[in-house]
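Below are the chains, spelled out letter by letter.
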Amino acid sequence: MKRKLLLQIFISIPFIAVVLLNIGDVVSVYTGSGGYPFGSEFFGPHSIYKSRAVYVCFQVVSILFLMGTIFWLFRSRRKLFLVFVIIDVLIFFYPMLTNT
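Residues numbered from 1 in each chain as written. Predicted model: local features only at pLDDT ≥ 70, side-chain atom pairs only at ≥ 80, totals over all residues. Heavy atoms only, no water.

1. Section: the packing of helix α1 (residues 2-31) against helix α2 (residues 52-74)
Between two packed helices, what matters for the description is the angle formed by their axes and the separation of those axes. Just so we agree on the cut-off: Note on geometry: axes are C-alpha line fits, over the in-contact stretch for helices, and angles between N-to-C directions span 0 to 180 degrees. Per the convention used, a helix needs a DSSP run of H or I reaching at least four residues, while a strand needs a run of E reaching at least two, with both numbered from the N terminus. Angles below 35 degrees are treated as roughly parallel, those above 145 as roughly antiparallel, those between 65 and 115 as roughly perpendicular, and all remaining angles as oblique. Take the far helix as your reference; a near helix turned counterclockwise from it by less than a right angle gives a left-handed crossing, and one turned clockwise gives a right-handed crossing. Gly is put with the polar residues, along with every residue not named as nonpolar or charged; the nonpolar set is Ala, Val, Leu, Ile, Met, Phe, Trp, Tyr, Cys and Pro, and the charged set is Asp, Glu, Lys and Arg.
At a closest axis distance of 9 Å, the pairing of α1 and α2 adopts a crossing angle of 165°. Judged by the angle between their axes, α1 and α2 are roughly antiparallel. Considering how the two elements wind past one another, α1 and α2 form a crossing that is left-handed. Looking at side-chain class alone, the contact of α1 with α2 contains 19 nonpolar, 6 polar and 2 charged residues.

And the structure:
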């Protein structure tokens, strides 16, 4: 039992780190220290950088799915955990695929 808990804590560390980074991004957007060029012609029409509201909504959705991943990890629901991990990976790669 103790080994399983330690493994769950170890696996959750990267997810917690990404949650903290996303929260830091949202805070930097609202404090103005991020320097994001929202609405620039450089970004594509489906980019998350189209507007500040779209970017913040995307980050909030990302945070919610990461928190869900951590929740299902500790609830020991393997299938739901894997579904949330796949969604997290897709959310992670979406900005890279749409910034053409």
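2. What about the packing of aromatic side chains?
As a reminder, the rule being used: Paired rings are identified among Phe, Tyr and Trp, the last through its six-membered ring, by centres lying within 6.5 Å, and are further divided according to the angle between planes into stacked (under 30 degrees), edge-to-face (over 60) and tilted (the rest). Exposure categories follow from relative accessible area, calculated using a 1.4 Å probe and restricted to protein chains: below 20% of the type maximum is buried, above 50% is exposed, and the middle band is partly exposed.
Summed over the entire model, instances satisfying the criterion amount to 6 aromatic pairs. Between Phe71 and Trp72 the ring centres are 4.9 Å apart and the planes differ by 70°, which places this aromatic pair in the edge-to-face class. With a relative accessible area of 45%, Phe71 lands in the partly exposed category. With 5.2 Å between their ring centres and 80° between their planes, Phe92 and Phe93 make a pair best called edge-to-face. Judged by relative accessible area, which is 40%, Phe93 ranks as partly exposed.

3. Section: the packing of α2 against helix α3 (residues 78-98)
Inclusion rule: We call two residues in contact when some of their heavy atoms are within 4.5 Å.
Between α2 and α3, whose axes approach to 9 Å, the crossing angle comes to 155°. The pairing of α2 with α3 is recorded here as roughly antiparallel in orientation. α3 is crossed by α2, and the crossing has left-handed handedness. Residues Phe58, Val61, Ser62, Phe65, Leu66, Gly68, Thr69, Trp72 and Leu73 of α2 form the contact with α3, whose own contacting residues are Leu80, Phe81, Phe84, Val85, Ile87, Asp88, Ile91, Tyr94 and Pro95.

4. A look at the side chain of Gln59
If you trace the backbone, Gln59 turns up in helix α2. Sequence-distant contacts of Gln59, that is, excluding residues within four places in its chain, are made with Asn22, Asp25 and Val26.

5. Digging into α1
What counts here: For a helix, the expected span equals 1.5 Å multiplied by the residue count minus one. What we call the bend at a residue is the angle made by axes fitted to the seven residues finishing there and the seven residues starting there.
In this model α1 runs 42 Å from its N-terminal to its C-terminal C-alpha over 30 residues, within 8% of the 44 Å that 1.5 Å per residue would give. Along α1, the sharpest kink reaches roughly 35°, centred on Ile13 and followed within four residues by the proline Pro14. Gly32, located one to two residues past α1, shows a positive phi value of around 85°.

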